[in-house]
Structure formats: C-alpha cells, structure tokens
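# Residue-level structure breakdown
Residues per chain are reported as follows:
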Amino acid sequence: MTTDIDNYFSISDILATQERIPCKIELPIHRLGYLDTSSESEDLLPGTKMEMPYWMAKALCSRKRHIVSVEQPKQYRESYREILNADATAYQARLRKIMDLSQNCYNEDTSKLTEKLDEVERYLFKSGQKGLNDFQRWETRQIEKLTTSDMVRNHRKRKRATDDA
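Predicted model, so just to flag it, every value in this text is computed and none were measured.

## What about the overall build of the protein?
- When you go through the protein residue by residue, the secondary structure sums to seven helices and three strands.
- The order of helices and strands in the protein, counted from the N terminus, is α-β-β-α-β-α-α-α-α-α.
- Out of the 165 residues in the protein, the part that is buried amounts to 19%.
- Taking contacts inside the protein between residues at least 6 apart in sequence as the whole, the part at least 24 apart equals 56%.
- Within the structure as shown, the protein displays about 13,700 Å² of accessible surface, and the carbon and sulfur contribution to it stands at 53%.

## Some points on the pattern of salt bridges
- Applying the stated criterion across every chain, the model contains four salt bridges.
- Salt-bridge contacts for Glu 119 lead to Arg 122; the nearest nitrogen and oxygen are separated by 2.7 Å. Here Glu 119 and its partner Arg 122 are both found in helix α6 (residues 119-139), three residues apart, which amounts to about one turn of the helix.
- The residue Lys 130 makes a salt bridge to Asp 134 at a minimum N-O spacing of 2.9 Å. You can see Lys 130 and its partner Asp 134 sitting in helix α6, four residues apart, about one turn around the helix.
- The exposure class of Asp 134 is partly exposed, given its relative accessible area of 27%.
- One salt-bridge network, held together by shared partners, links Lys 130, Asp 134 and Arg 137.

## Some details on the side chain of Asp 118
- Positionally, Asp 118 belongs in the loop between α5 (111-114) and α6.
- Residue class for Asp 118 comes out buried when judged on its relative accessible area of 18%.
- Among the polar contacts made by the side chain of Asp 118, one reaches the main-chain amide nitrogen of Glu 121 at a distance of 2.8 Å.
- Those residues in contact with Asp 118, other than ones at most four positions away along the chain, are Gln 18 and Glu 19.

## Some words on the packing of aromatic side chains
- By the definition in use, this model includes one aromatic pair.
- Their ring planes at 35° and their centres at 5.9 Å tell us that Phe 135 and Trp 138 sit as a pair that is tilted. Of this pair, Phe 135 and Trp 138 both sit in helix α6, separated by three residues, roughly a single helical turn.

## A few points about unusual backbone geometry
- At Arg 31, a residue that is not glycine, the phi angle is positive and equals roughly 65°.
- Locating Arg 31 in the fold gives a position in the loop between β1 (20-25) and β2 (49-53).
- When its relative accessible area of 65% is taken as the criterion, Arg 31 is described as exposed.

## Concerning the sheet that holds β2
- Strand order in this open sheet of three strands is β2-β1-β3, and the pairing throughout is antiparallel. Each edge of the open sheet is held by one strand with a lone partner, namely β2 and β3 (68-70). Taking each pair of neighbouring strands and ignoring which way they run, the sheet shows an average axis angle of 45°.
- Pairing of β1 with β3, which is carried by three bridges, proceeds in the antiparallel orientation. Counted as the bridge partner of Ile 25 is Val 68 from β3.

Definitions and limits used
Residue indices follow the written sequence of each chain, beginning from 1 at its first position. Totals for whole chains, interfaces and linings use all residues, but because this is a predicted model, local features are given only for residues with pLDDT of at least 70 and pairs of side-chain atoms are given and counted only at 80 or more. The side-chain quantities take in all heavy atoms of the structure and omit both hydrogens and water. Where helices and strands are cited, they refer to DSSP runs of H or I of at least four residues and of E of at least two residues respectively, numbered from the N terminus. The cut-offs for exposure are 20% and 50% of the maximum accessible area for each residue type, with area from a 1.4 Å probe on protein chains only; residues under the lower value are buried, those over the upper are exposed, and the others partly exposed. Contacts between residues were defined by any pair of non-hydrogen atoms, one from each residue, lying within 4.5 Å. Accessible surface area values rest on a Shrake-Rupley calculation with a 1.4 Å probe, where residue burial reflects the displayed protein chains alone. For this analysis, a salt bridge means a side-chain nitrogen from Lys or Arg found within 4 Å of a carboxyl oxygen belonging to Asp or Glu. Here a polar contact is recorded for every N or O atom pair within 3.5 Å, except that within protein the pair must consist of a potential hydrogen donor and a potential acceptor, and residues adjacent in sequence are included only if both atoms are side-chain atoms. Here a pair means two rings of Phe, Tyr or Trp (six-membered ring of Trp) with centres within 6.5 Å. Their orientation is stacked below 30 degrees between planes, edge-to-face above 60, and tilted elsewhere. The criterion for strand pairing is that DSSP finds at least two bridges linking the strands in question. To get an axis, fit a line to the C-alpha atoms, keeping to the stretch in contact for a helix; angles then go from 0 to 180 degrees between the N-to-C directions.

Here it is in structure tokens:
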C-alpha cells in the first residue's frame, strides 16, 4: 500500500507534479489575476483558460471544490499520439530549442519565453544564459584572471589522496 508519504522523496513524482496542465477557471478567484499574463483584471474570471502545475490543479479541482476544471493535456490527445510513439529525438529537439533560445537572447527580456517552461526546463534555460553571459564577459576581456575550475581542483585532490595511500 503506497501513500503520499511514500512518494514524498520520489524524483519522478516531484517532476510529474511540476508538469503544467491546461485548466479552465469555473469560479472567480479574487486577487490572483496576475497569474494570467494576458489579462489586466485583478481577479481570475470564470472561463479563463490557463496552464497550472498539476499539484495546484489537483488542489483546486477536488470533490469538495470545483474551482477549476482540468482539460486533457495536448500530449494525450489523438493528434499527439504519433509524437509520443516517436523516439527520443523529439525530446532532444525540445531541449536543443531551449538551449538555442537561451544562447540567442543576450540582454533581452526572457519572461515571455520562460513562462511556459517547467522548473527543469527553466533551470536549463538559466544555465544556458549564464554560459552565454560568462562567454560574453570572457570575449570582451572583462574577466582578467583565469581560475581553475572546481572539477579540476577536486580531481587533483582525489588524485593526491589516492597517491598518498
């Protein structure tokens, strides 16, 4: 018998609950209009369609409360079955697209690009942006002193420890 407590530390469970799913607001939600970037209203109004993380949609669409209705994610619709049956190249293409976007958005507002990404994809995007910024600083000679990377420093320490033994 598994409970929610058993899955608390499960990486796959954590990643699954971060997945965003399409929802439709059924009842007005006051003072949360800022969650819908396409609206200027202070409240989320009935009929508004937006994506929410699974954990939030699950809490708002329960037997006791029916504040939102959950729509079938596009990944499970008939038109996307072929994509799901494809090999890993589709997923690699998405990661490549995220990295390309992160490398080609120097000194630009990226909030529109990253608002639909989940946490893992957002982390990948930020890592690409950091790499681009570091490269730009190196290329314009804003970084004067070369330093040893942590990986090389730790490798040397491990090598010395095995040589001493």
